[in-house]
Amino acid sequence: MSESNTPGETPTEDMSLDDLREEIRMIDHDIVELIARRTYVADTIAQVKAEQGLPTTDESQEQAVMDRAGANAEKYDVESNLVKAIFRLLIELNKVEQRENR
Ligand SMILES: O=C(O)C(=O)C[C@]1(C(=O)O)C=C[C@@H](O)C=C1
């Protein structure tokens with residue numbers, strides 16, 4: 001992953017529009033890389049669940065993920081409902097992926 005500024009510390013006054021868009025381009029790259037990593041881990045989880053005869057969906061784990069997403073959103077002062085909506089999509093992506101690999 002590329003080095004990026006911590007939230008609230010981007011020195012915007014020293015950056016041109018092109019610089020700022022380059023910063024977003026790098027962040028967007030990192031986001032996709034993290035989504036891919038999350039999906040690969042879910043593939044491995046799917047194998048473990050299949051071996052143990054467990055179902056794909058674990059609602060209590062989904063709730064824990066959503067709660068954590070909300071808490072982290074608040075920590076970084078971003079809209080928690082928006083972040084939770086993104087995590088809902090990430091969980092659904094994993095479930096589709098896990099079902100396809102069973
Ligand atoms: O932790 C799991 O058991 C997963 O399969 C991962 C995950 C997730 O994306 O966070 C996906 C589906 C489950 O219902 C719960 C959580």
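Residues numbered from 1 in each chain as written. Predicted model: local features only at pLDDT ≥ 70, side-chain atom pairs only at ≥ 80, totals over all residues.

**Side note on the overall build of the chain**
No. 1: Secondary structure assignment for the chain yields three helices and zero strands.
No. 2: Its helices and strands in sequence order give the chain the pattern α-α-α, from N to C terminus.
No. 3: Pairs at least 24 apart in sequence give 57% of the contacts found in the chain among residues at least 6 apart. (Helix = DSSP H or I, 4+ residues; strand = E, 2+ residues; numbered from the N terminus. Contact = placed C-beta atoms within 7 Å.)

**Looking at the site of the ligand**
No. 1: As a matter of local geometry, the ligand sits amid Ala-42, Ile-45, Thr-57, Asp-58, Gln-61, Glu-62, Val-65, Leu-90, Ile-91, Asn-94 and Lys-95.
No. 2: Of all elements in the fold, only helix 1 (17-52), helix 2 (59-75) and helix 3 (80-100) reach the threshold of two or more residues within the shell around the ligand.
No. 3: Element by element, the count of residues in the shell around the ligand is highest for helix 3, at four residues.
No. 4: Of the residues assigned to the shell around the ligand, the class counts are five nonpolar, three polar and three charged. (Near = placed C-beta within 6 Å. Nonpolar A, V, L, I, M, F, W, Y, C, P; charged D, E, K, R; others polar.)

**Observations regarding the packing of helix 2 against helix 3**
No. 1: Two numbers describe how helix 2 lies on helix 3: the axes approach to 9 Å, and their chain directions differ by 145°. As helix 2 runs across helix 3, the sense of the crossing is right-handed. Contacts between helix 2 and helix 3 involve Glu-62, Val-65, Met-66, Ala-69, Gly-70, Ala-73 and Glu-74 on the former and, on the latter, Ser-80, Val-83, Lys-84, Phe-87 and Ile-91.
No. 2: The class makeup of the residues in the contact of helix 2 with helix 3 is seven nonpolar, two polar and three charged. (Axes fitted to C-alpha atoms, helices over the stretch in contact; angles between N-to-C directions. Left-handed = near helix turned anticlockwise from the far one by under 90°.)

**Focus: helix 1**
No. 1: The end-to-end C-alpha distance of helix 1, which contains 36 residues, comes to 52 Å, matching closely the 52 Å that a straight helix rising 1.5 Å per residue would cover.
No. 2: Counting buried residues along helix 1, only two of its 36 residues qualify, which leaves the element largely exposed.
No. 3: Just past helix 1, the residue Gly-53 takes up positive phi, approximately 70°. (Expected span 1.5 Å × (residues − 1). Buried ≥ 20, exposed ≤ 12 C-beta atoms within 10 Å, placed from the backbone.)

**Digging into the packing of helix 1 against helix 3**
The relative placement of two packed helices comes down to the angle between their axes together with the axis-to-axis distance.
No. 1: At a closest axis distance of 9 Å, the pairing of helix 1 and helix 3 adopts a crossing angle of 45°. Between helix 1 and helix 3, the crossing angle belongs to the class labelled oblique. Here the hand of the crossing between helix 1 and helix 3 comes out right-handed. Side by side, helix 1 and helix 3 meet where Ile-35, Arg-38, Thr-39, Ala-42, Asp-43 and Ala-46 of the first sit next to Leu-90, Leu-93, Asn-94, Glu-97 and Gln-98 of the second.
No. 2: A breakdown of the residues in the contact of helix 1 with helix 3 according to their chemical character gives five nonpolar, three polar and three charged. (Parallel < 35°, antiparallel > 145°, perpendicular 65-115°, else oblique.)

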